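Next come the chains, spelled out residue by residue.
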Amino acid sequence: MDRVIPDLLIWYRQNARDLPWRNTQDPYRIWVSEIILQQTRVEQGKSFYMNFINNFHDFCHIANSPEDSILRVWQGLGYYSRARNMIKTAEIICHDFGGKMPANHKQILSLPGIGAYTAAAIASFAFGLPHAALDGNVRRVGSRFLGLYEVLGSKQSDKIITEYLEQHIPINEAGEFNQALIEIGATVCKPQKPDCHSCPLSKQCVAYQKNTQNELPVVARKKAPVNSYLDYMWLEADGYTWLTKRDNHGIWKGLYEFPSKTRDAETRNFPFEDWIINPEYASILSVKEYKHQLTHRTIYARLWHLSTSLNNIVNKNEFTRIESVSIEAYPVHRLMLKFIEQKETTTHHD
Ligand code: SF4
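Since the model is a prediction, treat every value here as computed from it, not as a measurement. (Residues numbered from 1 in each chain as written. Predicted model: local features only at pLDDT ≥ 70, side-chain atom pairs only at ≥ 80, totals over all residues. Heavy atoms only, no water.)

(A) Expanded view of the nonpolar core. Core analysis: the largest hydrophobic core is formed by 90 residues, its most contacted members being Trp 31, Phe 52 and Leu 201. Element by element, the count of residues in this core is highest for helix H8 (residues 116-127), at 8 residues. Split by domain, the residues of this core number at least three in each of domain 1 (5-210) and domain 2 (226-349). Beyond its immediate chain neighbours, meaning those up to four positions away, Leu 201 contacts Met 1, Val 4, Leu 8, Val 141, Phe 145, Leu 181 and Ile 184. If you look at the next biggest cluster of nonpolar residues, it comprises 14 residues, including Phe 270, Ile 276, Leu 306 and Phe 319. (Core = buried A, V, L, I, M, F, W, Y, C linked by side-chain atoms within 4.5 Å. Buried < 20%, exposed > 50% of the residue type's maximum accessible area, 1.4 Å probe, protein only. Helix = DSSP H or I, 4+ residues; strand = E, 2+ residues; numbered from the N terminus. Domains from an automatic or database assignment. Contact = heavy atoms within 4.5 Å.)

The structure is reproduced here in structure tokens:
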């Protein structure tokens, strides 16, 4: 690889996309951007990143803020376990490391929510430490460049690529080297139709030399997503509505949502008999169907929008009663945002 590294670095300096978290060695900003990008696309991540660092300026700022205020800023990004791990990491850094990210790969790797890729990215981008950062892009580039037929992302494939890159990573340019490989994967060595003629690695790329770019990398077959069926109750009574906070298990940990029940795929009956409201005293304003896709799960949600008066509410303590107008102050998941936005759109059009 040594022959193409100078070309790779020149290419990167000339072609790198101008992203808000580039051109900084501030470990806090790099950490925030890397956590956001773990499961969010670059374009979507930009505005969230700016919003996040404008609201929380350093590790101790996060550590000293209420959890709900952080989840509120995180709202819409999904995968809230990332935000919760950020809080834990911020607390550790604030209390045990004097508010500064340790300049040590092993210590970075030990922090919550930081896996092999993120640790190597922070260590190399912020501190110039020579660790290979394997994200999906670098794995694909590495597989093609080395002509690997091991399954993409398998232990064996990761080991070969990591060892190879760490033997060649330029000592004083580790951060730029990693960023350049990520950028090549994102913009040149794409999953379909890699643009090998524009690629600074082509001189030594095995797949290019053997014309096997379209065979590589070898990708494992994906598992079929699981289906879930849920009925949600959006109950409004005299300016109030009801929410429930999800527990700390399963998806959407600790976020608020309308009360819900699981159902069978085909069930269409009113699902909230004797639950919080006697159905005889409620008007059904609308019933809408939503399909919401998570990575390994498809949720088929039905939203029952109901209206009644406070006198008709039973089981008063089962859920949290809030004023309808204050709903935006609560951290909610993306499916809830769809529910709420729909109401806003409907109201507007009416
Ligand atoms: S030469 Fe082609 S296959 Fe090889 S790394 Fe570059 S874009 Fe990918």
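(B) Representation of the environment of Ile 327. Structurally, Ile 327 is set in the loop between strand S7 (320-323) and helix H13 (334-349). Its relative accessible area of 9% is what places Ile 327 among the buried residues. Put simply, Ile 327 and His 61 are 266 residues apart on the chain and 25 Å apart in space, counted from C-alpha to C-alpha.

(C) The arrangement of the packing of aromatic side chains in detail. All told, the structure shown has 13 aromatic pairs when counted by the stated rule. Measuring from centroid to centroid gives 6.1 Å for Phe 52 and Trp 74, while their planes differ by 85 degrees, and the two rings are edge-to-face. In this pair, Phe 52 sits in helix H3 (residues 42-55) while Trp 74 sits in helix H5 (residues 67-74), placing the two residues 22 residues apart along the sequence. According to the relative accessible area criterion, Phe 52 is buried, its value standing at 1%. Since its relative accessible area comes to 1%, Trp 74 is described here as buried. Consider the rings of Tyr 256 and Tyr 330, whose centres lie 5.0 Å apart with planes at 75 degrees: the pair is edge-to-face. One end of the pair, Tyr 256, is in strand S3 (residues 256-257); the other, Tyr 330, is in the loop between S7 and H13, and 74 residues separate them in sequence. The structure contains a cluster of three or more aromatic residues connected by ring pairs, namely Tyr 232, Trp 234, Phe 258, Tyr 290 and Phe 339. Above the ring of Tyr 240, the side-chain terminus of Arg 321 is found at 4.0 Å from the ring centroid. (Phe/Tyr/Trp six-rings, centres within 6.5 Å; stacked < 30°, edge-to-face > 60°. Lys NZ or Arg CZ within 6 Å of the ring centre and 35° of its normal.)

(D) Highlighting unusual backbone geometry. Leu 216 connects to Pro 217 through a cis peptide bond whose omega is -5 degrees. Mapped onto the elements of the fold, Pro 217 is located in the loop between helix H12 (206-210) and strand S1 (226-237). With phi around 60 degrees, Asn 23 is a residue other than glycine that occupies positive phi space. Structurally, Asn 23 is set in the loop between helix H1 (5-15) and helix H2 (27-37). The phi dihedral of Lys 193 is positive, around 45 degrees, even though this residue is not glycine. Assessed through its relative accessible area of 75%, Lys 193 is described here as exposed.

(E) Layout of the pattern of salt bridges. Scanning all chains against the criterion turns up 14 salt bridges. Across the pair Arg 17 and Glu 183 runs a salt bridge, and its minimum N-O distance is 2.9 Å. Linking Arg 17 in the loop between H1 and H2 with Glu 183 in helix H11 (residues 174-187), this pair joins segments that are 166 residues apart in sequence. With a relative accessible area of 30%, Arg 17 lands in the partly exposed category. Of the charged contacts in the structure, one is a salt bridge between Glu 289 and Arg 302, with a shortest N-O distance of 3.1 Å. With a gap of 13 residues between them, Glu 289 in strand S5 (residues 283-293) and Arg 302 in strand S6 (residues 297-308) connect regions that are remote in the sequence. On the basis of relative accessible area, Arg 302 is assigned to the buried category, the value being 2%. (Salt bridge = Lys/Arg side-chain N within 4 Å of Asp/Glu carboxyl O.)

(F) The site of the ligand, seen in detail. Taken together, Arg 144, Cys 189, Pro 194, Cys 196, Cys 199, Ser 202, Cys 205, Tyr 208 and Gln 213 are the residues near the ligand. The class makeup of the residues in the shell around the ligand is 6 nonpolar, 2 polar and 1 charged. (Near = heavy atom within 4 Å. Nonpolar A, V, L, I, M, F, W, Y, C, P; charged D, E, K, R; others polar.)

(G) Region of the structure containing the domain arrangement of the protein chain. Partitioning the protein chain into domains gives domain 1 (5-210) and domain 2 (226-349). The gap between the C-alpha centroids of domain 1 and domain 2 is 37 Å. Domain 1 puts 12 residues into the contact, and the matching count from domain 2 is 15 residues. Interface of domain 1 and domain 2: buried area, both sides summed, is about 1,000 Å²; carbon and sulfur atoms make up 45% of it. Here domain 1 is connected to domain 2 by 0 salt bridges. Of all the elements in the fold, those that place two or more residues in the side of domain 1 that touches domain 2 are H5 and helix H6 (81-96). The dominant element in the side of domain 1 that touches domain 2, judged by the number of residues it contributes, is H5, at 3 residues. Across the side of domain 1 that touches domain 2, the residue classes break down as 4 nonpolar, 5 polar and 3 charged. (Buried area = accessible area lost by both parts, 1.4 Å probe.)

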